Amino acid sequence: MSHRNLEYLNKKRVIYRRGPINDKPSEEFEWGSFYESGTNECYELFRSKAKIPTYKSLKWHLYVIWYLNPDMDQNAFEDIARFICNKNNGFVTFNVSEQLLQSMMYEVSLKDLDEPPYNKTRKIIFKDNCKLTVTEKLAIVGKMIGKTKKVSESDIYEAMLYTNDLGKKITIKNLADHFGCTSRTIHRNMSNELKKEKELLNQSL
Amino acid sequence: MTLKEKFHQWLRTEPFNLRDAVSLREAQCEVIADEFAIEFAEWIIKKITGDRLFKLKDNLLEEFKKEKGL
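So, how was this worked out
- Residues numbered from 1 in each chain as written.
- Chains lettered and ligands numbered in written order.
- Predicted model: local features only at pLDDT ≥ 70, side-chain atom pairs only at ≥ 80, totals over all residues.
- Heavy atoms only, no water.
- Phe/Tyr/Trp six-rings, centres within 6.5 Å; stacked < 30°, edge-to-face > 60°.
- Helix = DSSP H or I, 4+ residues; strand = E, 2+ residues; numbered from the N terminus.
- Buried < 20%, exposed > 50% of the residue type's maximum accessible area, 1.4 Å probe, protein only.
- Lys NZ or Arg CZ within 6 Å of the ring centre and 35° of its normal.
- Contact = heavy atoms within 4.5 Å.
- Buried area = accessible area lost by both parts, 1.4 Å probe.
- Salt bridge = Lys/Arg side-chain N within 4 Å of Asp/Glu carboxyl O.
- Polar contact = N/O pair within 3.5 Å; in protein donor to acceptor, adjacent residues only side chain to side chain.
- Nonpolar A, V, L, I, M, F, W, Y, C, P; charged D, E, K, R; others polar.
- Expected span 1.5 Å × (residues − 1).
- Pairing = 2+ DSSP bridges.
- pLDDT = per-residue confidence, 0-100.
- Axes fitted to C-alpha atoms, helices over the stretch in contact; angles between N-to-C directions.
- Parallel < 35°, antiparallel > 145°, perpendicular 65-115°, else oblique.
- Left-handed = near helix turned anticlockwise from the far one by under 90°.
- Patch = residues over 30% accessible without salt bridge, like charges linked within 9 Å, V, L, I, M, F, W, Y side chains within 5 Å.
- Areas by Shrake-Rupley, 256 points an atom, 1.4 Å probe, with all protein chains shown as cover.

Student: How should I be thinking about the packing of aromatic side chains in this particular structure?
Tutor: We describe a pair of aromatic rings using the distance from one ring centre to the other and the angle between the two ring planes. Residue and element names in this part refer to chain A. On inspection of all chains with the given rule, the structure shows 13 aromatic pairs over all chains. For the ring pair W66 and F77, a centre distance of 4.9 Å and an interplane angle of 50 degrees mean the geometry is tilted. On the criterion of sequence distance, the pair formed by W66 in helix α2 (residues 55-68) and F77 in helix α3 (residues 74-85) is long-range, its members being 11 residues apart. You can call F77 buried: its relative accessible area is 0%. Summarising the aromatic geometry, the rings of F83 and F91 are spaced 6.0 Å apart at their centres and angled 65 degrees between planes, so their arrangement reads as edge-to-face. On the basis of relative accessible area, F91 is assigned to the buried category, the value being 1%. Positioned above the aromatic ring of Y63 is the side chain of K111, whose terminal nitrogen or guanidinium carbon lies 4.9 Å from the ring centre. The ring of Y157 carries K120 above its face, with NZ or CZ at 4.0 Å from the centroid.

In structure tokens form, the structure reads like this:
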């Protein structure tokens, strides 16, 4: 598996992460913040080791970059999009045809920047410098969400990403164990899209 | 991911709502076929020569496709 080349984005000063700007956390901890009702304002691209496996996800990533960098011009955006779409740079799992790349860039550049891109709801946001291991983060996610007794699709997705980062296979059983709920609860809260994502993450191991 | 799954992703499950969806899908399928052709060619040569680091020269597939009218 090739290493994701984030240095290029850093060198070009591309913003690819941003915390919530209006939502206030219900609780703050040394390691980060907890949003009981969740927040949709946190964009953290490339935070897990998982690569972009689908066209839909790739387009979303490009849209978020376009949104988070309002001063970026069309040429700079094309440069970044080309870099991300190049499989050798470690961001995507598939090669992208020139035609698809052009079409995506065109579609993304037509998007209204006043409207934030659709984003998954997150309840727990760790500080960048929290120094916790992935296992410790996963344990906190399980504990905090388990306390609320409401496991949402985003919570499951969050746990899936951490499990994948640990190099472990994601199963319904280990997700249920993790949140202290039944497998049925996990099944009930998993959309078809999330089930597909689970398969793709497991295939990437 | 199997070859079938790779094609499936572009042929069936992706949310293309564009007028040119068909040609985009065709272009992506060609990318998958190209990838397969290169990997297979390199695999065969590695098997025959034992050269584990063998890499096909850039643009060789393009030359082949042009020559064969593919």
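Next comes the rest of the account.
Student: Can you walk me through the interface of chain A and chain B in this structure?
Tutor: A common way to state how big an interface is: give the accessible area lost once the parts meet. Between chain A and chain B, the residue contacts involve 16 residues of the former and 15 residues of the latter. Taking both sides of the interface into account, the surface hidden between chain A and chain B amounts to around 1300 Å²; carbon and sulfur atoms contribute 56%. The interface formed by chain A and chain B holds 1 salt bridge in total. Among the ionic pairs, K87(A) bridges to E35(B), the shortest N-O distance being 3.3 Å. Here chain A is connected to chain B by 5 residue pairs in polar contact (both at pLDDT 80 or more). Listing elements by their share of the side of chain A that touches chain B, those giving two or more residues are α2, α4 (98-109) and α9 (192-203) of chain A. Top contributing element to the side of chain A that touches chain B by residue count: α4(A), with 4 residues. Across the side of chain A that touches chain B, the residue classes tally to 6 nonpolar, 6 polar and 4 charged.

Student: Explanation requested: α9(A) in the structure shown.
Tutor: Because each turn of an α-helix spans 3.6 residues, side chains separated by three or four positions in sequence point in the same direction. All names here are of chain A. Its 12 residues give α9 an end-to-end C-alpha distance of 17 Å, which sits within 8% of 16 Å, the value for a rise of 1.5 Å per residue. Among the residues of α9, those classed as buried are L194, E197, K198, L200, L201 and N202. Looking at the buried side of α9, the elements it contacts are α6 (153-165) and α7 (172-179).

Student: Please clarify how the sheet that holds strand β2 (residues 27-28) of chain A should be interpreted in this entry.
Tutor: Note on sheets: strands pair through backbone hydrogen bonds, and any given pair is parallel or antiparallel. Residue and element names in this part refer to chain A. Spatially, β2-β3-β5 is the arrangement adopted by the 3 strands of the open sheet, whose pairing is antiparallel. Looking at which strands have only one partner, the edges of the open sheet turn out to be β2 and β5 (122-126). Pairing geometry for strand β3 (residues 32-39) and β5, over 4 bridges, is antiparallel. Looking across to β5, one finds that S33 is bridged to I125.

Student: Could you clarify how one ought to interpret the confidence of the model for chain A in this entry?
Tutor: Low-pLDDT stretches of the model should not have their predicted coordinates read in fine detail. Per-residue pLDDT for chain A averages 88, and the proportion of residues at 70 or more is 98%. Averaged over each element, pLDDT in chain A is lowest for helix α5 (residues 134-148) of chain A (82) and highest for α3(A) (95).

Student: Mind showing me how you'd approach the environment of E42(B) here?
Tutor: All names here are of chain B. Position of E42 relative to the elements: it lies in helix α2 (residues 21-49). You can call E42 buried: its relative accessible area is 9%. Apart from residues lying up to four places away in sequence, E42 is in contact with F54, K55 and L56. A polar contact of 2.9 Å, which involves the side chain of E42, links it to the backbone nitrogen of L56.

Student: It is not clear to me how the packing of α2(B) against helix α3 (residues 60-68) of chain B should be interpreted in this structure. Could you clarify?
Tutor: Helix-helix packing is characterised by the crossing angle of the two axes and by the distance between the axes. All names here are of chain B. Close contact between α2 and α3 brings their axes to 11 Å; oriented N to C, the two are set at 110 degrees. As summarised for this structure, α2 and α3 are arranged roughly perpendicular, according to the angle between their axes. Considering the relative orientation of α2 and α3, their crossing is right-handed. The residues of α3 that touch α2, namely those facing E30, D34, A37 and I38, are L61, E62 and K65. Among the residues forming the contact of α2 with α3, the class breakdown is 3 nonpolar, no polar and 4 charged.

Student: Just to check I follow, could you spell out α6(A) for this structure?
Tutor: Residue and element names in this part refer to chain A. For α6, built from 13 residues, the straight-helix expectation of 18 Å at 1.5 Å per residue is met to within 8% by its first-to-last C-alpha distance of 18 Å. Summarising burial for α6: 12 of the 13 residues are buried, a large majority. Just beyond α6, the residue with positive phi is G167, at close to 75 degrees.

Student: I'm lost on a nonpolar patch on the surface in this one. Help?
Tutor: A cluster of nonpolar side chains, contributed by L3(B), F36(B), F40(B), W43(B), I44(B) and I48(B), occupies part of the molecular surface with about 620 Å² of accessible area. Mapped onto the secondary structure, I44(B) falls in helix α2.

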